[in-house]
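Residues per chain, in single letters:
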Amino acid sequence: MISPKFYLRTGTGKESGKIYVKFYLKGEKVHFSTEVAASVKEWDEENSKIRGNSMEVKDRNILINNIRSRINVVDVKFRLREKQLTRALFFKHYNRPDD
C-alpha cells in the first residue's frame, strides 16, 4: 500500500513554496509537485493540509485530497489486478487514468 507524504518545499529563506508529494514503490522514490502553493505559516505538516477556513484554503485542500485519491486509485487498481506497480507505470496511470 502506498503511503504518500505531502510536504512544503521552499527555497532557502523563502516564506512560501509548492506542496510536493513523495512515496516509494519497490524502493524507488516517486515525487512530484502538486502545483499547490502555501506559505510556511499556513502549512500543517502533521496533518498534510493547509490551515485556514477561507474558500481559497478549502479549495487548495480539496486539490491535495484529489491528488491523494488519484494515487490510491492507481495503487488499488494494480493490487486488485495482482500486477507489480513501478514508477513508470504509476506515472502512466496517474496521468492517464482511463488507460
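The model shown is predicted, which means the values in this text are computed figures rather than measured ones.

As for the sheet that holds strand 1 (residues 5-10)
In sheet architecture, strand pairing relies on hydrogen bonds along the backbone and comes in two forms, parallel and antiparallel.
Inference 1: The strand order across the open sheet formed by 3 strands is 1-2-3, and the pairing between neighbours is antiparallel. Of all strands in the sheet, those bounded by a partner on one side alone are strand 1 and strand 3 (28-39). Averaged over all pairs of adjacent strands, the angle between their axes in this sheet comes to 30°, without regard to strand direction.
Inference 2: Note: strand 2 (residues 16-25) against strand 3, 9 bridges, orientation antiparallel. Looking across to strand 3, one finds that F23 is bridged to V30.
Inference 3: Lying on the sheet, helix 1 (residues 55-80) is in contact with strand 1, strand 2 and strand 3; it crosses strand 3 at an angle near 165°.
Inference 4: Contacting strand 2 and strand 3, helix 2 (residues 87-95) runs over the sheet at an angle of about 40° to strand 3.

Calculation criteria
- Residues numbered from 1 in each chain as written.
- Predicted model: local features only at pLDDT ≥ 70, side-chain atom pairs only at ≥ 80, totals over all residues.
- Heavy atoms only, no water.
- Pairing = 2+ DSSP bridges.
- Helix = DSSP H or I, 4+ residues; strand = E, 2+ residues; numbered from the N terminus.
- Axes fitted to C-alpha atoms, helices over the stretch in contact; angles between N-to-C directions.
- Contact = heavy atoms within 4.5 Å.

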